[in-house]
Amino acid sequence: MQVISENRAFGGKQFVAKHLSDACNCEMTFAVYLPPQAEDGPVPVLYYLSGLTCTHENAMTKASAQAWAAEYGIAVVFPDTSPRGEGVANDEAYDLGQGAGFYVNATEAPWAAHFKMWDYIAEEFPALIDAEFPINGTRAGITGHSMGGHGALTLALTYPDQFKSLSALAPIANPTQSDWGKKQLAAYLGPDQGQWAAHDASLLMATQGYPSDILIDQGGADQFLELLRPASLAHAMTERAQPHVMRMHEGYDHSYFFVASVIEDHIRWHAERL
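Let us look at the structure shown here. (Residues numbered from 1 in each chain as written. Predicted model: local features only at pLDDT ≥ 70, side-chain atom pairs only at ≥ 80, totals over all residues. Heavy atoms only, no water.)

Some remarks on the overall build of the protein chain
Then step 1. For the protein chain, the helix and strand inventory stands at nine helices and nine strands.
Then step 2. Expected size for 274 residues packed as a compact globule is a radius of gyration near 19 Å; at 17 Å, the protein chain falls within 12% of this value.
Then step 3. In terms of overall dimensions, the protein chain has a C-alpha envelope of 50 × 45 × 35 Å along the principal axes.
Then step 4. Pairs at least 24 apart in sequence give 73% of the contacts found in the protein chain among residues at least 6 apart.
Then step 5. Summing over all exposed atoms, the protein chain offers an accessible surface of approximately 10800 Å²; the carbon and sulfur share of this is 49%.
Then step 6. Each charge sign in the protein chain was given a centre, from 15 positive and 32 negative side chains, and these centres are 3 Å apart. (Helix = DSSP H or I, 4+ residues; strand = E, 2+ residues; numbered from the N terminus. Rg over C-alpha atoms; globule rule 2.2 N^0.38 Å. Contact = heavy atoms within 4.5 Å. Areas by Shrake-Rupley, 256 points an atom, 1.4 Å probe, with all protein chains shown as cover. Lys, Arg positive; Asp, Glu negative; His and termini not counted. Charge placed at Lys NZ, Arg CZ, Asp CG, Glu CD.)

Okay, structure coming up:
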């Protein structure tokens, strides 16, 4: 791991670093905020997964997470959204390729050589964070926005023992039935839709649920509501009697102004459960 930058923030430290990823077969850049409590020993950690077109930097600079992380004594980690660099497959569209990893392990050409974001977030990246920072990896939660909310939900539903708290902000909630999902899952996983179900939070909720409660926030004026399909997830949670809080915020859109407006609630949610 190579530290690129280190800055004091709210009594803690904001790091940006990079490492060579075995899973993604390329160099990956990420950010870690350590609260001041980390100077006294390992702290709980919240993984924040970003959305389409984003890097580690968007949430790090726009979500206003650091002040609340310092108050509640929890580290916040911001991985990238896809592999990048020379030789990594890409597409002219904003919603496929670099910046649009969709948190799956691609099996189809040309994506399979690098696009292993599922393994990266589930295995390799947490192991690196635990080894390099004063983090208590047994107390880890996960959240995310949009495509990152999709990743947070599907990873936590699949690995509840690893991600012990869960929330999402305007997640892509039913990608197998959305144009934000059908295109990407077909490209990365192939035409067999049976392979897609493991990456659809609404379908996973219907079959297995989550052992703890879940917080989901959604903007009522989100310009992408038809693509996100929050009603499908709400229906699945209700049918399963899944403990959850799902809030629709009147007038809020899909931007980071919405994320920054509710991020304190999410950081507190995870800190209380971890």
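Next comes the rest of the write-up.
A few points about the pairing of strand S5 (residues 75-78)
Then step 1. Every second residue of S5 is oriented toward a common face, with Ala75 and Val77 on one face and Val76 and Phe78 on the other, all of them buried.
Then step 2. Sheet topology places strand S3 (residues 26-34) next to S5; three bridges connect them, and they run antiparallel. Paired with Ala31 across the bridge in S5 is Phe78. (Buried < 20%, exposed > 50% of the residue type's maximum accessible area, 1.4 Å probe, protein only. Pairing = 2+ DSSP bridges.)

Here we look at the sheet that holds strand S8 (residues 214-219)
Then step 1. The nine strands lie next to each other as S1-S2-S3-S5-S4-S6-S7-S8-S9, forming an open sheet whose pairing is mixed. Only two strands of the sheet have a single partner each, and these edge strands are strand S1 (2-9) and strand S9 (244-249). Here the strands of the sheet are splayed against their neighbours by 20 degrees on average, with no regard to which way each runs.
Then step 2. Sheet strands touched by helix H2 (residues 65-72): strand S2 (12-21), S3 and S5. Its angle to S3, the strand with the most contacts, is close to 55 degrees.
Then step 3. Across the sheet, helix H4 (residues 147-158) lies against strand S4 (43-49), strand S6 (135-144), strand S7 (165-169) and S8, angled at about 130 degrees from S6, the strand it touches most. (Axes fitted to C-alpha atoms, helices over the stretch in contact; angles between N-to-C directions.)

Section: the side chain of Gln218
Then step 1. Its place among the elements puts Gln218 in strand S8.
Then step 2. Within the local environment of Gln218, its side chain forms a polar contact with the side chain of Asp222, the two groups lying 3.0 Å apart.
Then step 3. Among residues more than four places away in sequence, those in contact with Gln218 are Ala170, Pro171, Leu225, Leu228, Pro230, Arg247, Met248, His249 and Phe258. (Polar contact = N/O pair within 3.5 Å; in protein donor to acceptor, adjacent residues only side chain to side chain.)

Quick look at the packing of H2 against helix H9 (residues 256-273)
Then step 1. Direction vectors running N to C along H2 and H9 enclose 30 degrees, while the axes themselves pass 9 Å from each other. With respect to H9, the axis of H2 lies roughly parallel. Of the two elements, H2 crosses H9, and the hand of that crossing is right-handed. Contact with H2, carried on its side by Ala65, Trp68, Ala69 and Tyr72, involves Ile263, Glu264, Ile267, Arg268 and Ala271 of H9 and no other residues of that element.
Then step 2. Of the residues that constitute the contact of H2 with H9, the class distribution is seven nonpolar, no polar and two charged. (Parallel < 35°, antiparallel > 145°, perpendicular 65-115°, else oblique. Left-handed = near helix turned anticlockwise from the far one by under 90°. Nonpolar A, V, L, I, M, F, W, Y, C, P; charged D, E, K, R; others polar.)

Remarks on the nonpolar core
Then step 1. Core analysis: the biggest nonpolar cluster contains 90 residues, and Tyr47, Tyr48, Ile121, Phe125, Ile129, Ile142 and Tyr188 have the highest contact counts within it.
Then step 2. Top element by residues in this core is helix H3 (residues 117-132). It accounts for eight residues.
Then step 3. Residue contacts for Tyr48: discarding those within four places in its chain leaves Ala59, Val76, Val77, Phe78, Pro79, Thr143, His145, Leu169, Tyr256, Val259 and Ile263. (Core = buried A, V, L, I, M, F, W, Y, C linked by side-chain atoms within 4.5 Å.)

Here's the deal with H4
Then step 1. End to end, H4 covers 17 Å across 12 residues, agreeing with the expected 16 Å (1.5 Å per residue, within 8%).
Then step 2. For H4, the complete set of buried residues consists of Met147, Gly148, Gly149, His150, Gly151, Ala152, Leu153, Thr154, Leu155, Ala156 and Leu157. (Expected span 1.5 Å × (residues − 1).)

Focus on the packing of H3 against H4
Then step 1. Where H3 meets H4, the closest approach of the two axes is 11 Å, and the angle between their N-to-C directions is 55 degrees. For the element pair H3 / H4, the angle class is oblique. Regarding H3 and H4, the two cross each other, and that crossing is right-handed. Within the contact between the two elements, H3 uses Trp118, Ile121 and Ala122 and H4 uses Thr154, Leu155 and Thr158.
Then step 2. Looking at the contact of H3 with H4 residue by residue, the class counts come to four nonpolar, two polar and no charged.

Details of the packing of aromatic side chains
Then step 1. Going through the model one piece at a time under the given rule, you end up with 12 aromatic pairs.
Then step 2. Summarising the aromatic geometry, the rings of Trp111 and Phe115 are spaced 5.3 Å apart at their centres and angled 85 degrees between planes, so their arrangement reads as edge-to-face.
Then step 3. A residue is classified by how much of its surface remains accessible, and Phe115, at 1% relative accessible area, is buried.
Then step 4. With centroids separated by 5.8 Å and ring planes inclined at 45 degrees, the aromatic side chains of Trp118 and Tyr159 adopt a geometry described as tilted. Placement of Trp118 in helix H3 and of Tyr159 in the loop between H4 and S7 is noted, with a sequence separation of 41 residues between them.
Then step 5. In textbook terms, an aromatic cluster arises when at least three aromatic residues are bridged by ring pairs, as seen for Phe30, Tyr47, Tyr120, Phe125 and Phe163.
Then step 6. Between the NZ or CZ atom of Arg273 and the centre of the ring of Trp269, over which it lies, the distance is 3.5 Å. (Phe/Tyr/Trp six-rings, centres within 6.5 Å; stacked < 30°, edge-to-face > 60°. Lys NZ or Arg CZ within 6 Å of the ring centre and 35° of its normal.)

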